[in-house]
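# Architecture and fold: a report
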Amino acid sequence: TEIYTLSLHDALPIYITEGIDAGGQVRLVNAVFRRLRAADREAQLIFCPTWYWGDGTGAQQRPYLEILARELHPDIYVFWTGDQVVGRVTRKAAESYREIVKHRLFLWDNYPVNDNQPTMHLGPVVGRDPDVCEVVDGYMSNPMCTQNEANRIPLLTCADYAYNPRAYDPARSISQVILHLGQSEAQRRVLKDLVEAYPGMLLHAGGTGYNPVREQFNRLIAAPHARYIGELYIRHLEDLHARLEQAFPGRYAAARKTLGDDIAHVRRVLADKYGQVAAR
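Below, the structure is looked at part by part. (Residues numbered from 1 in each chain as written. Predicted model: local features only at pLDDT ≥ 70, side-chain atom pairs only at ≥ 80, totals over all residues. Heavy atoms only, no water.)

### Here we look at the overall build of the protein
Counted only if it meets this: Numbering of helices and strands runs from the N terminus; a helix is a DSSP stretch of H or I covering at least four residues, while a strand is a stretch of E covering at least two. Accessible area is worked out with a 1.4 Å probe on protein chains only. A residue is then buried under 20% of its type maximum, exposed over 50%, and partly exposed in between. Working rule for contacts: check all heavy atoms of both residues, and any pair within 4.5 Å makes them a contact. We get accessible surface area from the Shrake-Rupley algorithm with a probe of 1.4 Å; when it comes to residues, only the shown protein chains can shield them.
Broken down by element type, the protein carries 9 helices and 4 strands. The proportion of buried residues among the 280 residues of the protein is 46%. Pairs at least 24 residues apart make up 72% of the contacts formed inside the protein by residues separated by at least 6 positions. In the structure as shown, the protein presents an accessible area of about 14500 Å², 52% of it carried by carbon and sulfur atoms.

### Examining the sheet that holds strand β1 (residues 46–47)
As a reminder of what qualifies: When DSSP finds two or more bridges between two strands, those strands count as paired. All axes here are fitted lines through C-alpha atoms, helices being fitted over the stretch that makes contact, and every angle between N-to-C directions spans 0 to 180 degrees.
Spatially, the 4 strands line up as an open sheet ordered β1-β2-β3-β4, and their pairing is parallel. Because the sheet does not close on itself, it has two edges, and the strands there are β1 and β4 (138–142). Pairing between strand β3 (residues 105–112) and β4: 5 bridges, direction parallel. Bridging from a neighbouring strand, Trp108 pairs with Met140 of β4. Strands in contact with helix α3 (residues 91–101) are β2 (77–80) and β3; relative to β2, the strand with the most contacts, it is inclined by about 140°.

### Quick word on helix α7 (residues 212–220)
Owing to its 3.6 residues per turn, the α-helix brings residues three or four apart onto one side. Condition: Each direction from the helix axis to a C-beta atom contributes to the arc, which is the arc of those directions. In the analysis that follows, any N or O atom pair within 3.5 Å is treated as a polar contact, provided that within protein one partner can donate a hydrogen and the other can accept it, and provided that, for residues neighboring in sequence, both atoms belong to side chains.
Looking at α7, one finds that the buried residues are Pro212, Val213 and Phe217. Projected onto a plane normal to the axis of α7, the buried residues spread over an arc of 135° and lie on a single side. Check the buried side of α7 and you find it contacts α6 (185–197), α8 (227–247) and α9 (253–274). Sitting at the amino-terminal end of α7 is Asn211, which places a side-chain oxygen 3.1 Å from the backbone nitrogen of Val213.

### Concerning the pattern of salt bridges
Counted only if it meets this: Should a side-chain nitrogen of Lys or Arg be within 4 Å of a carboxyl oxygen of Asp or Glu, the pair is scored as a salt bridge.
Scanning the entire structure with this criterion turns up 20 salt bridges. As a salt-bridge pair, Asp109 and Arg128 come within 2.6 Å of each other at their nearest N and O atoms. Note that Asp109 is positioned in strand β3 and Arg128 in the loop between β3 and β4, a separation of 19 residues in sequence. Residue Asp109 shares its accessibility class with Arg128, and that shared class is buried. Of the charged contacts in the structure, one is a salt bridge between Arg189 and Glu185, with a shortest N-O distance of 4.0 Å. Note that Arg189 and Glu185 are positioned in helix α6 at a spacing of 4 residues, about one turn of the helix.

### Overview of the pairing of β2
Here is the rule: Seen with the strands pointing away from the viewer, any crossover whose path from the first strand over the helix to the second strand runs clockwise is right-handed.
A two-sided burial pattern is seen for β2, the buried positions comprising Tyr77 and Phe79 on one face and Val78 and Trp80 on the other. One ladder, built from 2 bridges, connects β1 with β2; its direction is parallel. Note that in β2 the partner of Ile46 across the bridge is Tyr77. Sheet topology places β2 next to β3; 3 bridges connect them, and they run parallel. Bridged to Val78 within β3 is Leu105. In this view, the connection linking β2 to its parallel neighbour β3 by way of α3 has right-handed handedness.

### Examining the packing of α7 against α8
Put simply, the rule is: In this scheme, roughly parallel covers angles under 35 degrees and roughly antiparallel covers those over 145, while 65 to 115 is roughly perpendicular and the rest are oblique. Crossing handedness: left-handed means the near helix sits turned counterclockwise from the far one by under a right angle, and right-handed means the same turn made clockwise. All residues other than Ala, Val, Leu, Ile, Met, Phe, Trp, Tyr, Cys, Pro, Asp, Glu, Lys and Arg, Gly among them, are scored as polar; the first ten of these are nonpolar and the last four charged.
In contact at an axis separation of 9 Å, α7 and α8 are set at 155° when each is read in the N-to-C sense. In terms of axis orientation, α7 runs roughly antiparallel to α8. Crossing hand, α7 versus α8: right-handed. Contact residues: α7 offers Val213, Gln216, Phe217 and Leu220, while α8 offers Ile229, Gly230, Tyr233, Ile234 and Leu237. The class makeup of the residues in the contact of α7 with α8 is 7 nonpolar, 2 polar and no charged.

Next up, the structure:
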């Protein structure tokens, strides 16, 4: 694979105005693509438009996408993230969007992305139609930051879905991932518990910053006289943190930090409500 570096400063007299300028974007992208094809006739390019989600029928979306349909080079792929920026991915929305933009689509799956927020999404990818592959031509996932090693848990389910969408079973997939990544029973148990603690925003219709540990804790202590159940939950999290470090010494550092930060947060919340919680 060759990587090409393009110098556009003086060579391309192309300007994009402020705001959403579909025509200016197209001129720039087409110019870059021509340069790539001049260097390699097989070069491919994926363009992420301003409106990269939805069915394309919105009052602002449609006119913009229609310009891309007319003016964007026909060989260029277009990124699309699904029915929303984050959430469901349906064949119906994909067909509508592709019909309007009239270019091949690349599904940029916004999972398990956390946008560098203090949370994790470790459960299997869900909510993707099994036949969307008949509409899109490619698949790419958007991972978490900074939990690089923990990314392997949900990303392997994304790969499983992309490989055979019609046969994809989320429960089977995440079970196989845990079996694959855990080399011992202790490792598999701790990975299972970690996934259960952070099952992913898709299961809760949350955004990229959705934190299931903090949300679960808030639900538990919302009831009257909930100090005991809150303390039990904190003990469970502390035990999980210790077992993760013991089962994977020197590994999953970013995931352990996220979990540790969540433990510190919920301890403060409980202390504010009931007084200081004894450290383990």
